[in-house]
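Here's the letter readout for the chains.
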Amino acid sequence: MFYKYLIRPILFKIDAEKVHDFAIKIGETYSNSKIIKLFLRKIYYYENKKLEQEVLGIKFNNPLGLAAGFDKNCKLSKIFPEIGFGFMELGSITAKYCGGNKKPRIWRLPKDKAIMVHYGLASDGADKIYGRLKDLKFKIPLIISVAKTNDINIKGDDSVNDYYYSFKKFENIADFITLNISCPNTGDGRSFQDPTLLEKLLKKIGKTNKKIFLKISPDITEKNIDEILLVIKKYNIKGFIIGNLLKKRENLKSTEEDLKGMSGSVSGPVAGKRSLELIKYVYKKTKGKYLIIGCGGIFTAKDAYERIKAGASLIQIVTSMIYEGPSVIKKINKGLVKLLARDKYDNIKEAIGADNII
Ligand SMILES: Cc1cc2nc3c(=O)[nH]c(=O)nc-3n(C[C@H](O)[C@H](O)[C@H](O)COP(=O)(O)O)c2cc1C
């Protein structure tokens with residue numbers, strides 16, 4: 001309430017990236033302060049046994065995580081556990097430094113409760129970020145998202161090597177690594193959702209004990225998913241994050257006039273609608289073989305529960321936190337506990353895929 005009615009109206013008058021950079025700066029400044037962290041924990045933290053589960057051998061206190069993109073350069077890993085997240089995905093990190101696209105490159109679309117993103121994979125680069133993380137201990141499970149450096153001169157085998165570099169760098173730091181194969185802003189227009197390119201990358205990674213997820217785009221076709229499923233049969237992929245930002249500009253409430261001067265892809269409920277369809281598709285098609293993390297447009301416990309009952313074991317947010325502040329994490333988790341009780345489930349695990357019988 002406090003954020004929504006007092007803070008947000010002020011923040012939303014300021015350029016979106018400036019506000020975001022400011023939030024990161026503040027968070028970074030206070031991330032070593034015990035008092036601030038205790039204060040945050042007191043306000044935002046929530047736990048309930050019903051939300052706890054073990055996923056791929058790792059314990060999650062609750063199913064709601066931070067999605068990639070909010071903390072691209074991995075500066076706030078000490079803050080996210082205190083505000084109640086069950087896990088965090090940091091990045092996407094690219095092998096080389098990249099300043100990203102020209103500013104402005106993120107815009108709010110309030111009519112759609114969405115963000116238009118045209119960052120262009122801005123990243124401090126793997127080496128610098130590795131230095132930031134290498135000596136830290138993490139309170140909640142950590143996913144590192146890696147993507148290809150946004151440089152049109154890095155193509156073909158070089159782009160495979162580029163991904164591989166970041167993968168190797170963070171292999172021993174993260175609990176899980178996401179290969180972000182869906183970033184729509186990589187410059188040369190190629191995507192690792194292309195099965196041939198994906199296979200090259202997975203071959204290069206070869207044998208690893210690291211649990212790997214693939215993050216796919218909500219713009220992807222079911223046929224393309226089938227091709228990916230065929231490729232990954234031979235490799236040790238554990239799951240999918242579904243999904244990334246939506247490129248298609250259909251079904252937006254924002255008008256042409258609202259969108260003037262913007263480019264990029266959108267987050268929020270429009271992206272979430274298609275992602276939900278794809279969660280259902282992948283869960284059914286693979287008979288629940290792969291772990292699914294549902295992402296896109298999750299603002300309420302009902303949204304989260306819908307993804308879980310469709311087959312997602314975990315869920316992630318970015319946009320609802322920008323629109324509603326960190327209290328949305330507790331709101332969703334508390335609401336989930338109520339929904340589980342309503343449906344007479346003792347634990348979140350029992351609800352996974354319940355509406356998508358296989
Ligand atoms: C500002 C911004 C930056 C993002 N950057 C990344 C990124 O670097 N890597 C990635 O995999 N997804 C990125 N995303 C996509 C989110 O992780 C998420 O998939 C998408 O926003 C849908 O979830 P939401 O509706 O909860 O925001 C970004 C999203 C936003 C809003």
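Heads up: the structure comes first, above all this text.
From a predicted model like this one, the values you see are computed outputs, not experimental measurements.

Draft legend 1. Spotlight on helix α5 (residues 156-170). Here α5 contains 15 residues, and its C-alpha end-to-end distance of 22 Å stays within 8% of the 21 Å for a straight helix at 1.5 Å per residue. Taken together, the buried positions of α5 are Ser 159, Val 160, Asp 162, Tyr 163, Ser 166, Phe 167, Lys 169 and Phe 170. Close packing links the buried residues of α5 with β4 (87-94), α4 (126-133), β7 (142-147), β8 (176-180) and α6 (195-205).

Draft legend 2. Highlighting the packing of α5 against α6. Direction vectors running N to C along α5 and α6 enclose 45°, while the axes themselves pass 10 Å from each other. As judged from the angle between their axes, α5 and α6 are oblique. Crossing of α5 over α6 shows right-handed handedness. Contacts from Val 160, Tyr 163, Tyr 164 and Phe 167 in α5 reach Lys 200, Leu 201, Lys 204 and Ile 205 in α6. Here the residues of the contact of α5 with α6 sort into 6 nonpolar, no polar and 2 charged.

Draft legend 3. Spotlight on the site of the ligand. Around the ligand, a shell composed of 26 residues is seen, among which Ala 67, Ala 68, Gly 69, Ser 267 and Thr 319 lie nearest. Of all the elements in the fold, those that place two or more residues in the shell around the ligand are β6 (114-117), α8 (269-285) and α10 (319-324). Residue classes in the shell around the ligand are distributed as 12 nonpolar, 12 polar and 2 charged.

Draft legend 4. Local environment of the sheet that holds β6. Taking strand neighbours across the sheet as the criterion, the 3 strands line up as β5-β6-β11 in an open arrangement whose pairing is antiparallel. Taken across any chain shown, the strands that pair with only one partner, and hence form the sheet edges, are β5 (106-109) and β11 (265-266). Bridge count between β6 and β11: 2 bridges; the pairing is antiparallel. When the sheet's bridge partners are listed, Val 117 is paired in β11 with Ser 265.

Draft legend 5. Focus on α6. Taken together, the buried positions of α6 are occupied by Leu 198, Leu 201, Leu 202 and Ile 205. Down the axis of α6, the buried side of the element spans an arc of 95°, and every buried residue falls inside it. Exposed residues on α6 whose side chains face more than 90 degrees from its buried face are Thr 196 and Lys 203. On its buried face, α6 is in contact with α5, β8 and α7 (222-232). Once α6 ends, the next one or two residues include Gly 206, with phi positive near 60°.

Draft legend 6. A look at the pairing of β6. Of the two faces of β6, the one lined by Ala 114 and Met 116 and the one lined by Ile 115 and Val 117 are each fully buried. Where β5 hands over to β6, the hairpin turn is made up of 4 residues, of which Lys 113 adopts a positive phi near 45°.

Draft legend 7. Structural context of the pairing of β7. Of all 6 residues in β7, 6 are buried, a share of seventy percent or more. Both faces of β7 are covered, namely the face carrying Leu 142, Ile 144 and Val 146 and the face carrying Ile 143, Ser 145 and Ala 147. With 5 bridges joining them, β4 and β7 adopt parallel strand pairing. From the neighbouring strand, Thr 94 faces β7, where its bridge partner is Ala 147. Relative to β8, β7 is paired through 4 bridges, and the arrangement is parallel. Across the sheet, the residue bridging to Val 146 is Leu 179, located in β8. Handedness of the β-α-β unit built from β7, α5 and β8 comes out right-handed.

Quick notes on the rules
Residues numbered from 1 in each chain as written. Predicted model: local features only at pLDDT ≥ 70, side-chain atom pairs only at ≥ 80, totals over all residues. Helix = DSSP H or I, 4+ residues; strand = E, 2+ residues; numbered from the N terminus. Expected span 1.5 Å × (residues − 1). Buried ≥ 20, exposed ≤ 12 C-beta atoms within 10 Å, placed from the backbone. Contact = placed C-beta atoms within 7 Å. Axes fitted to C-alpha atoms, helices over the stretch in contact; angles between N-to-C directions. Parallel < 35°, antiparallel > 145°, perpendicular 65-115°, else oblique. Left-handed = near helix turned anticlockwise from the far one by under 90°. Nonpolar A, V, L, I, M, F, W, Y, C, P; charged D, E, K, R; others polar. Near = placed C-beta within 6 Å. Pairing = 2+ DSSP bridges. Arc of directions from axis to C-beta. Right-handed = clockwise from strand over helix to strand, strands pointing away.

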